[in-house]
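Spelled out, the chains give:
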Amino acid sequence: EPEVTQTPSHQVTQMGQEVILRCVPISNHLYFYWYRQILGQKVEFLVSFYNNEISEKSEIFDDQFSVERPDGSNFTLKIRSTKLEDSAMYFCASSTVYGYTFGSGTRLTVV
Amino acid sequence: AQRVTQPEKLLSVFKGAPVELKCNYSYSGSPELFWYVQYSRQRLQLLLRHISRESIKGFTADLNKGETSFHLKKPFAQEEDSAMYYCALRSNNAGNMLTFGGGTRLMVKP
């Protein structure tokens, strides 16, 4: 069964540093997403991406965040200057009309 | 604004007992609802979508538009059902985003 792959599984970074989280969505899916889950809280929508542009973003997705599909395969989430409160599990997902497939997540720890 | 509420953070039952995980939603349009399951340290997996009206691993969920609910049920819980369960609503706007409830941890005791 096709999977959404995320790397790395765990990233530790210093406050103020830039991080890039990587995802390889399922190849025939058209929509791509990033969600995050702060420890003990609900899964929150960050951004959706369709046809090589952002189709929707949440209030969380401010100017510190950006997404890219640089090579038609990878889908990346960049945080320019990380803050302590960015520590969370970040899930990538891709979808068809039938539903989503989630990756196993990247645990980001900002110290 | 759309919202999904799962009132129970933890539900603990004995093996063989019936289970009902509650989910209520608010959405101005026609909702599309899902249940996702997350086993320990694993990814979110689709369990059910209301449109398909299927039963997976013995779980069923019926959309009740009058009560704006989509409760997940299983008549006889198994220990392997222990996991986090998330109810989610998909919007039909351009972003196609999912809004999740806070999740319910189901613990099935032997």
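Refer to the structure above for everything that follows.
A quick note: this is a predicted structure, and the numbers were derived from the prediction, not measured. (Residues numbered from 1 in each chain as written. Chains lettered and ligands numbered in written order. Predicted model: local features only at pLDDT ≥ 70, side-chain atom pairs only at ≥ 80, totals over all residues. Heavy atoms only, no water.)

> Could you give an account of the state of the cysteines, naming the residues involved and the relevant values?
Residue and element names in this part refer to chain A. Counted by the stated rule, this structure contains 2 disulfides over all chains. Between the sulfur of C23 and that of C92 lies a disulfide, 1.9 Å long from S to S. For the disulfide bridge between C23 and C92, the dihedral angle about the S-S bond is near -65 degrees, and by the sign convention the bridge is left-handed. On the criterion of sequence distance, the pair formed by C23 in strand 3 (residues 19-24) and C92 in strand 9 (residues 88-96) is long-range, its members being 69 residues apart. For C23, a relative accessible area of 0% gives the class buried. Residue classification places C92 among the buried residues on the basis of a relative accessible area of 0%. (Disulfide = S-S within 2.5 Å. Helix = DSSP H or I, 4+ residues; strand = E, 2+ residues; numbered from the N terminus. Buried < 20%, exposed > 50% of the residue type's maximum accessible area, 1.4 Å probe, protein only.)

> Any chance you could break down the pairing of strand 7 (residues 65-68) of chain A for me, citing the residues and the numbers?
All names here are of chain A. Strand direction decides the pairing type here: strand 7 and strand 8 (residues 75-79), joined by 4 bridges, are antiparallel. Bridge pairing links E68 to T76 in strand 8. Counted along the chain from strand 7 to the antiparallel partner strand 8, the turn is 6 residues long, and its residue G72 has a positive phi close to 75 degrees. (Pairing = 2+ DSSP bridges.)

> Could you give an account of the side chain of R43 of chain B, naming the residues involved and the relevant values?
Tracing the chain through its elements places R43 of chain B in the loop between strand 5 (32-38) and strand 6 (45-49). When residues no more than four places from it in sequence are discounted, the contact partners of R43 of chain B are E3, V4, F102, G103 and S104 of chain A together with V37 and Q38 of chain B. (Contact = heavy atoms within 4.5 Å.)

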